[in-house]
Structure formats: structure tokens, C-alpha cells
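Summary of structural features
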Amino acid sequence: MARLTSDFWVSAFLRQAAHDGLVAVLRRRGASEAGAIFVKLDRLDGSAVLYGPAPQALADDDGERRFQRLIEADPLTVEDRVAREVRFDADLWLVEIENRAGDPRLVLVD
């Protein structure tokens, strides 16, 4: 099954977050078709989590994007990790969501 383009997926994610009453913003626009998507979750309590694409070995054939937790720390440490990821891949997307409950609204792998 074909996967949604990155720009379409990000647009849908942002709209769903707004519909659910959450604050979510696009911080960095990447490659439209297949740019890697990273999501920073700010819990608004001094902690944050960065999620990135799950390894292809953990992907199913259903076309759904899956994510893995990359780092959980204070927001400045997470921002340092984001900067390293951008240096490695300038075409990545970065979405930031604020959710006190800590739910990133993503399909996660262990």
C-alpha cells in the first residue's frame, strides 16, 4: 500500500491536533514527497520528547507511518538533538505539539 506524502501527513496531523484542541505547529518544512518527519512533544512541565521515524524493519505493509521515541529530556536537550538531526538531514520536517497528558498522537513502536 502506498504511503501518504510527508506534506499531506503533516497537514492532516496538524488539523487533527487543532480539532482536538491541542496546540501543534509546523516548525520546519521538509521535502514534500518523502522528507523524514520528527515530532517534538512538549508536556509543558519542563520535559519534552522527540519522536522520529521508526526503522523500516518495524514498518507494516499498511502504509501507516510509525514513530519511535528518540530522546526524553528537558526541552533544551531535545532542541540540541533536533539540531543534530537537521545537520544530518536538511530535508526533515519538524512538528511540535503541546500536550500536558503526554500523548503524542502517533503510532509508536517499542
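Let me sum up the structure you'll find in this document. (Residues numbered from 1 in each chain as written. Predicted model: local features only at pLDDT ≥ 70, side-chain atom pairs only at ≥ 80, totals over all residues. Heavy atoms only, no water.)

Attention shifts here to the overall build of the protein chain. Helix and strand counts for the protein chain stand at two helices and five strands. Each helix (α) and strand (β) of the protein chain, taken in turn from the N terminus, gives the series α-β-β-β-β-α-β. The C-alpha radius of gyration of the protein chain comes to 13 Å, within 12% of the 13 Å expected for a compact globule of 110 residues. For the protein chain, the spread of C-alpha atoms along the principal axes amounts to about 40 × 35 × 25 Å. Residues classed as buried in the protein chain amount to 41% of the 110 residues present. Total accessible area computed for the protein chain in this model is approximately 6400 Å², and 49% of it derives from carbon and sulfur atoms. (Helix = DSSP H or I, 4+ residues; strand = E, 2+ residues; numbered from the N terminus. Rg over C-alpha atoms; globule rule 2.2 N^0.38 Å. Buried < 20%, exposed > 50% of the residue type's maximum accessible area, 1.4 Å probe, protein only. Areas by Shrake-Rupley, 256 points an atom, 1.4 Å probe, with all protein chains shown as cover.)

Moving on to the nonpolar core. V39 and I97 are the most contacted members of the largest nonpolar core, which totals 17 residues. Broken down by secondary-structure element, the contributors of at least two residues to this core are α1 (6-19), β2 (37-42), β3 (48-53) and β5 (93-98). Looking at this core element by element, the count peaks at five residues for α1. When neighbours within four sequence positions are excluded, V39 is seen to be in contact with F13, V49, L50, Y51, F67, V95, I97 and L106. (Core = buried A, V, L, I, M, F, W, Y, C linked by side-chain atoms within 4.5 Å. Contact = heavy atoms within 4.5 Å.)

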